[in-house]
Amino acid sequence: MLKRHAAAPLPMRDGVAPSYLWLPEGQWPDMLSFLLERYPQISAAQWLDRMARGEVLNGDGAVLGPDSAYRRGMRIFYYRELERETPIPFQEEILFQDEHLVVVDKPHFLPMTPAGRFVQETLLTRLKKSLDCAELTPIHRLDRETAGVVIFSRQVASRGAYQTLFQRREVRKMYEALAPVLAGRDFPFTYRSRMVEGTQFFLMREEAGEPNSETVIDVIERRGEVNLYRLYPHTGRKHQLRVHLAALGIPIVNDAFYPLAQPCKEDDMSHPLQLLARAIDFTDPLSGEPRHFESRRMLG
């Protein structure tokens, strides 16, 4: 199992913490053989280069080479590297920061954290580099396709207090979305459904049963063939707002996942999802002060 951001013999590099892996049960003649079988997408030449640079280590900080013995239960550390990474030509904006929090206005298309084909071009990596803060961690998350307000913790000591706010649903989040006009409804209204994981790992779907998701939906204004909606999610299911509006027959403009998943757009960033995390409100658990943070971005 691959994990990140643990105490490590390798420092943060270019805003990225080293990855680490506990070696599983099995027999391999040497370390290189195991790594090639475990990660077939990484070539022998790439592993040899990393080892030659002294960037594959065990938990004690000893450099591992291609002929190092494989030992079950050993923990190895290394940096995740990509040969090519698509630049994201949109910039985040820091709205607020103090000794505990960093509040950021995230652009569309920028992933939150390193995963898949993005390492450097992620919000977390960019912020760790610009703020020189190795302990920085998101308290909650936005989809790569969604823009708007997101909050990061600067230090481990106070992180739990803020995470508890989200766990107890004591944070009020307001989103905006552009979607087709919904006729025959009085606004605002509450939509509830039971959401579960879809057959494709990256999608969600609705099914019959006790609702586990709830969104309050209101209209701000009419814009031609679409409305600008105000959305208050009372629960935090993955893709909740996208699933709910699609189920109502008004999928969010430029949604490539719902109601039907479209072919991957790869590096096409010309049609952003028209969904924005507009504002977050909560009572600060440390100071007791009311907090309000609002995005400066606009949809459309």
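Every chain is numbered on its own, with residues counted from 1 as its sequence reads. Where totals are concerned, whole chains, interfaces and linings use all residues; where local detail is concerned, this predicted model gives features only for residues with pLDDT of at least 70, and gives and counts side-chain atom pairs only at 80 or more. By convention in this description, side-chain values take in all heavy atoms of the structure and omit both hydrogens and water.

If you check an unreviewed UniProt entry, the chain appears there as Pseudouridine synthase from Janthinobacterium tructae.

**Q** Any chance you could break down helix α4 (residues 156–167) for me, citing the residues and the numbers?
**A** In this text, helices come from DSSP runs of H or I with a minimum length of four residues, and strands from runs of E with a minimum of two, each type numbered from the N-terminal end. Under the convention used throughout, the expected extent of a helix is 1.5 Å for every residue step, that is, one less than its residue count. Across its twelve residues, α4 extends 17 Å between first and last C-alpha, which sits within 8% of the 16 Å expected from 1.5 Å per residue. Only protein chains enter the calculation, and the probe is 1.4 Å; a residue is then buried if its accessible area is under 20% of its type maximum, exposed if over 50%, and partly exposed in between. Among the residues making up α4, those that are buried are Ser 158, Arg 159, Tyr 162 and Leu 165. Projection of α4 onto a plane perpendicular to its axis shows the buried side chains occupying an angular sector of 120°, all on one side. The outward face of α4, more than 90 degrees from its buried face, is lined by the exposed residues Val 156, Ala 157 and Gln 167. Contact partners of the buried residues in α4: β6 (101–106), β7 (137–138), β8 (147–153) and β14 (275–283). Of the residues one or two after α4, Arg 169 is the one with positive phi, at around 60°. Arc definition: it is the arc formed by the directions from the helix axis to the C-beta atoms. A contact between two residues is defined here by any heavy atoms of the two lying within 4.5 Å.

**Q** How would you explain helix α1 (residues 31–38) if you had to name every residue and give the values?
**A** Inspection of α1 places Met 31, Leu 32, Phe 34 and Leu 35 among the buried residues, and these make up the whole buried set. Each buried residue of α1 lies within a common arc of 160° when the element is viewed along its axis, so the set occupies one face. Looking at the buried positions of α1, the neighbouring elements they touch are β2 (19–22), α2 (44–52) and β4 (75–78).

**Q** Go over the side chain of Asn 58, please, and point to the residues and values.
**A** Checked against the element boundaries, Asn 58 lands in strand β3 (residues 56–58). Taking the relative accessible area as the measure of exposure, Asn 58 reaches 11% and is therefore buried. A polar contact is formed between the side chain of Asn 58 and the backbone nitrogen of Asp 60, at a distance of 2.9 Å. With residues near it in sequence (within four places) discarded, Asn 58 still touches Pro 9, Leu 64, Met 74, Arg 75, Ile 76 and Phe 77. In protein, a polar contact requires one atom able to donate a hydrogen and another able to accept it; more generally it is a pair of N or O atoms within 3.5 Å, and residues adjacent in sequence count only if both atoms are side-chain atoms.

**Q** Could you give an account of the domain arrangement of the chain, with specific residues and numbers?
**A** As used throughout, domain bounds are those supplied by an automatic or database domain assignment. For the chain, the assigned domains read domain 1 (19–78) and domain 2 (93–294). Inter-centroid distance (C-alpha atoms) of domain 1 to domain 2 is 37 Å.

**Q** Describe the pairing of β4, with residues and values.
**A** The sheet contact formed by β2 and β4 spans four bridges and is antiparallel. Looking at the pairing, Ser 19 lines up with Tyr 78 of β4. Pairs of strands are assigned from DSSP output, requiring at least two bridges between the strands. In this sheet, β4 lies alongside β3 in antiparallel orientation, the contact comprising three bridges. In the sheet register, Val 56 faces β4, and the bridge partner there is Tyr 78.

**Q** For the packing of α1 against α2, give the residues involved together with the corresponding values.
**A** Fitted lines through C-alpha atoms serve as axes, helices being fitted only where they are in contact, and the angles separating the N-to-C directions of these axes extend from 0 to 180 degrees. Packing of α1 against α2 brings their axes to within 10 Å, and their N-to-C directions diverge by 130°. Taken together, the axes of α1 and α2 lie oblique to each other. Taken as a pair, α1 and α2 cross one another with a handedness that is right-handed. Here Met 31, Leu 32, Leu 35 and Leu 36 of α1 lie close against α2, whose contacting residues are Ala 44, Trp 47, Leu 48 and Met 51. Throughout this entry, Asp, Glu, Lys and Arg are counted as charged residues, while Ala, Val, Leu, Ile, Met, Phe, Trp, Tyr, Cys and Pro are counted as nonpolar. The remaining residues, Gly among them, count as polar. When its residues are assigned to classes, the contact of α1 with α2 shows eight nonpolar, no polar and no charged. To sort the angles, those under 35 degrees are grouped as roughly parallel, those over 145 as roughly antiparallel, those from 65 to 115 as roughly perpendicular, and the leftovers as oblique. Handedness of each helix crossing follows the sense of rotation of the near helix against the far helix: counterclockwise by less than a right angle gives left-handed, clockwise gives right-handed.

**Q** Can you break down the layout of surface pockets residue by residue, with the values?
**A** A 1.4 Å probe that fits but cannot get out identifies a cavity on a 1 Å grid over protein atoms alone, an open set with protein on both sides within 12 Å along at least five of seven lines counts as a pocket, and a residue lines either if it has an atom within 4 Å of a point. Grid points are joined across faces, edges and corners, and a volume is the space filled by probe spheres set on the points. By volume, the largest pocket is sized at about 960 Å³. Around the largest pocket, the lining comprises 33 residues; the ones closest to its centre are Phe 118, Arg 144, Glu 145, Phe 202 and Phe 257. Estimates place the volume of the second largest pocket at around 700 Å³. As for the second largest pocket, its lining consists of 26 residues, and the residues nearest its centre are Lys 173, Tyr 175, Thr 235, Gly 236 and Arg 237. When its residues are assigned to classes, the lining of the second largest pocket shows nine nonpolar, nine polar and eight charged.

**Q** Got a sec to walk through the UniProt feature "domain: Pseudouridine synthase RsuA/RluA-like" (unreviewed entry) in the chain? Specific residues and values, please.
**A** According to UniProt, the positions carrying the feature "domain: Pseudouridine synthase RsuA/RluA-like" (unreviewed entry) are residues 100–247. Secondary structure content for residues 100–247 is 20% helix and 38% strand, while the C-alpha to C-alpha distance between its ends is 39 Å. UniProt positions are given in the numbering used here, feature names are shortened, and annotations may be inferred rather than shown by experiment.

**Q** Please set out the confidence of the model for the chain residue by residue, giving values where relevant.
**A** Of all residues in the chain, 98% have pLDDT values of 70 or greater, and the mean over the chain is 93. pLDDT expresses how confident the predictor is about each individual residue, on a scale running from 0 to 100. Across residues 1–6, confidence stays below pLDDT 50; counting only partners more than four residues off in sequence or on other chains, it has 24 contacts.

**Q** Account for the nonpolar core, naming residues and giving values.
**A** To qualify as a nonpolar core, a set must consist of buried Ala, Val, Leu, Ile, Met, Phe, Trp, Tyr and Cys residues joined through side-chain atoms within 4.5 Å. Grouped together as the largest cluster of nonpolar side chains are 34 residues, with contacts concentrated most on Leu 123, Leu 136, Phe 152, Ile 217, Leu 231, Leu 245 and Leu 275. Elements supplying a minimum of two residues to this core: β6, α3 (123–131), β8, β9 (172–180), β10 (189–197), β13 (226–233), α5 (240–247) and β14. A total of four residues in this core trace back to one element, the largest contributor, which is α3. Within the second largest apolar cluster, 17 residues are counted, among which are Leu 35, Tyr 39, Ile 42 and Met 51.

**Q** Explain the packing of aromatic side chains to me, and be specific about the residues and the numbers.
**A** Each Phe, Tyr or Trp ring, with Trp reduced to its six-membered ring, pairs with another whose centre is within 6.5 Å; inter-plane angles below 30 degrees give stacked pairs, above 60 give edge-to-face pairs, and intermediate values give tilted ones. Counted under the stated rule, the structure contains 15 aromatic pairs. Look at Tyr 20 and Phe 77: their rings are 5.4 Å apart centre to centre, the planes differ by 40°, and that puts the pair in the tilted class. One end of the pair, Tyr 20, is in strand β2; the other, Phe 77, is in strand β4, and 57 residues separate them in sequence. Geometrically, the ring pair formed by Phe 187 and Phe 189 is tilted, given 5.4 Å between the ring centres and 50° between the ring planes. Of the residues examined, Phe 189 reaches a relative accessible area of 9% and is grouped as buried. One aromatic cluster is present, built from ring pairs that chain together Phe 201, Phe 202, Phe 257 and Tyr 258. Stacked on the ring of Tyr 79, the Lys or Arg Arg 13 has its end atom at 4.0 Å from the ring centre. Any Lys NZ or Arg CZ found within 6 Å of a ring centre and within 35 degrees of that ring's normal is scored as a charge over the ring. Over the aromatic face of Tyr 20 sits the side chain of Arg 75, whose NZ or CZ is 4.8 Å from the ring centroid.

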